[in-house]
Amino acid sequence: MRKIIFSIIGIFFSSLLTLLVIEIILRFFPVNEGLRAISVNSNSPVFKFQSNRVAQYSKNWNFDIKNKVSVNNDGFINNLNYDNKSDSLLLSLIGDSYIEALMVPFKQTVTSILQQNSDDKRVYSFAASGAGLSQHLIWAKYAKHKFNSDYFVFFIISNDFAESLADYEVSPGFHRFKRKEENKWEMELAEYSPSLTRRVLRHSRLAMYLITNLKVQSLLNLDLKLGRNDERITYVSNFRSDFNKKFWSDATWATKVYLDNVKNFTNVSEKNILFVIDGIRPELYNNKNNKEIEKSFWYLIRKFFIQEAKKRKFEVIDMQEKFISHYKNNREKFEFLTDSHWNQTGHKVVADSVQETNLWKNFRYDKNIFP
């Protein structure tokens, strides 16, 4: 019994020492440190991150994508602080991880490019991974109320529709549409508060490497039957291509609710609002007419969204056309090899496209700034 006890103790301390050594070694590597979202509840309903912090971002086991990101004074990813006392005109960029842009150096993001070309005006970004159409409205209202935003650009991605519906998405921190009846709905907040375990693990490089780089939590949830199922799931633009009638009904309903209420949340006219619709990537690099793509959710919901937005007199950029044109001339792709988000080229083309719009011209030459 004594030998068994000492063996167990020896194994325990050997394992502890091994973990400690790994912890120390990982401190010399660009482990993803996370952004540290703050609590979101009825008293603090706007999703933000811990302010005034520089964090290391990286992806995958070998850190093949890495970048230093800054969380500013207001809790958003931006190298510049936000000023709620400024009288200069403000253009607010609202979206999800594409505008958050953790994987791209800030100076090469849509936000920074537009900031650099805005002269003495302001360009602020309000974005985070996982935000859907409903969360767009919350940030828009916040940008108007706190910073008196004059113009708004909303960036629409393939998963924004599912992530805006409380019946389909439950991850904490965001507001979502809860459908009551055809013409009745409410915003439902999935409250978030970082647990003690999460707050402790944030300080461990080994824990963060396992969670943010290796994503062991996803590996542990793997369906062991994967590969035995005869039905193969296909994706278009990083979202399931197949859908049923109920999901289509809910997604189109959410689109209408979003577009019908965006002016109420921004308190500006339709000429001060622009929608940027992502392309069908990476499928757009193939010039063949793929009938399967034309049946996919993203293909159809893009078409529906653009039609509904234009019907309401909103200005819309279809990045499919912009991306195809740029690719034909330059043969440059718009995402990373191991990540579907826009790379530096993608951000540049999107920013250039925004600067060709009437909204940008109105923003740049708004008569309100001249005596």
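Anything mentioned here points back to the structure above.
Structure report, in brief.

## Some details on the packing of helix α11 (residues 319–330) against helix α12 (residues 344–354)
Then comes step 1: Put simply, α11 and α12 touch, their axes get as near as 11 Å, and they point 120° apart. Accordingly, the angle class assigned to the pair α11 and α12 is oblique. Helix-helix and strand crossings are classified by hand; for α11 and α12 the assignment is right-handed. Residue-level inspection shows Met319, Lys322, Phe323 and His326 of α11 in contact with α12, the latter providing Thr345, Gly346, Val349, Val350 and Ser353.
Then comes step 2: Residue classes in the contact of α11 with α12 are distributed as four nonpolar, four polar and one charged.

## Side note on the packing of aromatic side chains
Then comes step 1: Taken as a whole and judged by the stated rule, the model has 43 aromatic pairs.
Then comes step 2: Between Phe247 and Phe297, the ring centres sit 5.0 Å apart and the planes meet at 45°, which makes this aromatic pair tilted. Of this pair, Phe247 sits in helix α8 (residues 245–266) while Phe297 is found in helix α10 (residues 297–311), placing the two residues 50 residues apart along the sequence.
Then comes step 3: Residues Trp248 and Phe297 carry aromatic rings whose centres are separated by 6.1 Å and whose planes lie at 85° to one another, so their mutual orientation is edge-to-face. Within this pair, whereas Trp248 is found in helix α8, its partner Phe297 is found in helix α10, the two being separated by 49 residues in sequence.
Then comes step 4: Overall, the relative accessible area of 0% leaves Phe297 in the buried class.
Then comes step 5: Residue placement shows Arg302 over the ring face of Trp298; its charged tip is 5.6 Å from the ring centre.

## Some remarks on unusual backbone geometry
Then comes step 1: Following Arg281, the chain continues into Pro282 via a peptide bond in cis, with omega recorded as 0°.
Then comes step 2: In this structure, Pro282 sits in the loop between β10 (273–277) and α9 (291–294).
Then comes step 3: A positive phi angle, close to 60°, is found at Asp119, a residue other than glycine.
Then comes step 4: Mapped onto the fold, Asp119 is located in the loop between α3 (110–116) and β4 (122–127).
Then comes step 5: Phi is positive for Asn267, which is not a glycine, with a value near 60°.
Then comes step 6: Classification of Asn267 by relative accessible area gives exposed; the value is 57%.

## So, the nonpolar core
Then comes step 1: Grouped together as the largest cluster of nonpolar side chains are 66 residues, with contacts concentrated most on Phe126, Trp139, Phe154, Tyr258 and Phe275.
Then comes step 2: Element by element, the count of residues in this core is highest for α8, at nine residues.
Then comes step 3: For Tyr258, the residues in contact, after removing those within four places along its chain, are Leu133, His136, Leu137, Phe154, Ile156, Phe177, Phe275 and Phe305.
Then comes step 4: In terms of nonpolar packing, the next biggest core, distinct from the first, is built from 31 residues, Leu89, Ile99, Tyr151 and Met319 among them.

## Description of the layout of surface pockets
Then comes step 1: When its volume is computed, the largest pocket comes out at roughly 1,600 Å³.
Then comes step 2: Of all the secondary structure elements, the ones that give two or more residues to the lining of the largest pocket are β1 (53–59), α2 (97–100), α5 (196–201), α6 (205–213), α7 (216–220) and β13 (339–342).
Then comes step 3: Considering each element in turn, the lining of the largest pocket owes the most residues, five residues, to β1.
Then comes step 4: Its residues placed into classes, the lining of the largest pocket shows 18 nonpolar, 17 polar and 11 charged.

Cut-offs and rules
- Residues numbered from 1 in each chain as written.
- Predicted model: local features only at pLDDT ≥ 70, side-chain atom pairs only at ≥ 80, totals over all residues.
- Heavy atoms only, no water.
- Axes fitted to C-alpha atoms, helices over the stretch in contact; angles between N-to-C directions.
- Helix = DSSP H or I, 4+ residues; strand = E, 2+ residues; numbered from the N terminus.
- Parallel < 35°, antiparallel > 145°, perpendicular 65-115°, else oblique.
- Left-handed = near helix turned anticlockwise from the far one by under 90°.
- Contact = heavy atoms within 4.5 Å.
- Nonpolar A, V, L, I, M, F, W, Y, C, P; charged D, E, K, R; others polar.
- Phe/Tyr/Trp six-rings, centres within 6.5 Å; stacked < 30°, edge-to-face > 60°.
- Buried < 20%, exposed > 50% of the residue type's maximum accessible area, 1.4 Å probe, protein only.
- Lys NZ or Arg CZ within 6 Å of the ring centre and 35° of its normal.
- Core = buried A, V, L, I, M, F, W, Y, C linked by side-chain atoms within 4.5 Å.
- 1 Å grid on protein atoms, 1.4 Å probe; cavity = no way out; pocket = protein on both sides within 12 Å on 5 of 7 lines; lining within 4 Å.
- Points joined across faces, edges and corners; volume = space filled by probe spheres on them.

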